Amino acid sequence: MQLSLLFACLILCANTTWGNNLTISPEYPKTGSPITIDYHPTGTPLADQTVFAVVYLLELGQVPHVQDLPLQKTATGYTASFVPPANAQALLFSFSNEDGSLNDTNDEQGYYTFLYENKRPIKNAHSAAATIFSTNAVFFGIKPQGDKALAFLKKDVKSDTDLLHADYIKSFASAVQMADNEAGKEFLIAHLEAAAQNGLFSEEELQKMTSAAGRIKANELRNTLIEKQITLFPKGLEALKSQYQKIRQAKDFEALPALYEPAYAQHHKETRFEDVLDNMERDLAMHYGQQNDFEKLNQYAARMSNPVYQSNIYHRFAAICAGENLDDEAPYLKEGLQLSKKSLDVLQNPETILQNKPVYLSERAWKKDLDSYQTYYNHTYAMLAYKNGDFETALKH
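Report follows, based on the coordinates. Computed from a prediction, not measured in an experiment: that's the story for all the values here. (Residues numbered from 1 in each chain as written. Predicted model: local features only at pLDDT ≥ 70, side-chain atom pairs only at ≥ 80, totals over all residues. Heavy atoms only, no water.)

**Examining unusual backbone geometry**
At step 1: A cis amide bond links Ser-25 to the next residue, Pro-26, at an omega of 5°.
At step 2: For Pro-26, the position within the fold is in the loop between β1 (22–25) and β2 (35–39).
At step 3: The residue Asn-118 is not glycine, and still its phi comes out positive at about 55°.
At step 4: Tracing the backbone through its elements, the reader meets Asn-118 in the loop between β10 (116–117) and β11 (120–121).
At step 5: Take Asn-118: its relative accessible area is 67%, and that puts it in the exposed class.
At step 6: Despite not being glycine, Asp-180 has its phi angle at roughly 55°, a positive value.
At step 7: Among the structural elements, Asp-180 can be located in the loop between α4 (169–178) and α5 (182–197). (Helix = DSSP H or I, 4+ residues; strand = E, 2+ residues; numbered from the N terminus. Buried < 20%, exposed > 50% of the residue type's maximum accessible area, 1.4 Å probe, protein only.)

The structure is reproduced here in structure tokens:
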């Protein structure tokens, strides 16, 4: 089926006019070159607020990366300049008050721009921006508009079949689901069924197809594609996740090291395996921590790739060792104090912590989260120091 009938006849301008609230210059912004924004909050929910801003760097197929924009006050509003990185394809600007309780989302339409080369949107700029209205709409506070997302995607491909390419298929699936476009879903399902039965694809391509099936809630087809991955790639990511899930469901964590150790040895340097390995390390640390085996708790927690996750595990068991009140009996005070110190030490390297900031959180929001962690962790450390008889350290924390 040709998809031409699926798309509304939308006239999409090269860029959107933001009335009197936002001006982006130059008119055709480029990667690697300075961009200046001028924001005027008059008539918005932020009219009488101190304004903070971030920019989301959008790239097709990637989680949006967020960057704080240091605003400077002007006579009528605010201004900021920055240089978008080479991988960005489109930008979305977001404005809020200090605590994030008020936001200006341009009446849920978003303040966005494509990035350009020779006054034309760069490759996949429209597709990157499509996620504003589909995949990430709720996260951005934007009104979901599946038809608009479909129209944006259409601008980046030569034919309808190109939307089934691995680069576009997940975005296409999100858009047709949000648009409740039955013809689009049928077109996608026919392709996925053929791939499940006959196609030979890479593991990465099958992962994207599996995700696409999930986004249109074709759960039986999604499961078939997962099984295909496991069959074709018995040592791949999906096979490892499947074996791990069976152990979790059976709560047979004594069996987990036999799965984890060879997987860690083979894949710990591969970014795409980080999440599943971190989850296994967390489960192992939790399992041995509950048995008061602090040596193995430390062994597995120390391997976690994200120091904030490490710190959380250390603190979790430090708090258990401390007890809820000063007069509670606590048989593992020495071990708890060591764990509590580790939970704080891990957070003391700002550069390392910043490198592990979730890409979708601004630096300001991330620091706020970390401050709340440290306040809580310091309280636990003070209690453990007090119960260990170190009153001076307890007072400091």
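From this point, things continue past the structure.
**Here's the deal with the packing of helix α8 (residues 237–250) against helix α9 (residues 256–267)**
At step 1: Running from N to C, α8 and α9 point in directions that differ by 160°, and their axes come no closer than 10 Å. By the angle class used here, α8 and α9 are roughly antiparallel. In this structure, α8 crosses over α9, and the sense of that crossing is left-handed. Each of Leu-240, Gln-243, Tyr-244 and Ile-247 in α8 lies in contact with α9, whose residues at this interface are Leu-256, Leu-259 and Ala-263. (Axes fitted to C-alpha atoms, helices over the stretch in contact; angles between N-to-C directions. Parallel < 35°, antiparallel > 145°, perpendicular 65-115°, else oblique. Left-handed = near helix turned anticlockwise from the far one by under 90°. Contact = heavy atoms within 4.5 Å.)

**Comments concerning the pattern of salt bridges**
At step 1: Across all of its chains, the model carries 13 salt bridges by this definition.
At step 2: Among the charged side chains, a salt-bridge network with shared partners connects Asp-180, Glu-182 and Lys-185. (Salt bridge = Lys/Arg side-chain N within 4 Å of Asp/Glu carboxyl O.)

**Concerning the environment of Ala-318**
At step 1: Position of Ala-318 among the secondary structure elements: in helix α12 (residues 307–322).
At step 2: Taking the C-alpha atoms as reference points, Ala-318 and Glu-238, 80 residues apart in sequence, are found 34 Å from one another.
At step 3: Residues in contact with Ala-318, not counting those within four places in the same chain, are Gly-336, Leu-339, Ser-340, Thr-380 and Leu-384.

**As for the side chain of Ser-171**
At step 1: Mapped onto the secondary structure, Ser-171 falls in helix α4.
At step 2: Once residues within four sequence positions are removed from consideration, Ser-171 is found in contact with Leu-60, Thr-131, Leu-153 and Arg-215.

**Let's talk about the sheet that holds β1**
At step 1: Within the open sheet, the four strands sit side by side as β1-β2-β6-β5. Their pairing is antiparallel. Edge positions in the sheet fall to β1 and β5 (72–73), since each has one partner strand and no second.
At step 2: Pairing analysis gives four bridges linking β1 to β2, with the strands arranged antiparallel. Across the sheet, Ile-24 pairs through a bridge with Ile-37, a residue of β2. (Pairing = 2+ DSSP bridges.)

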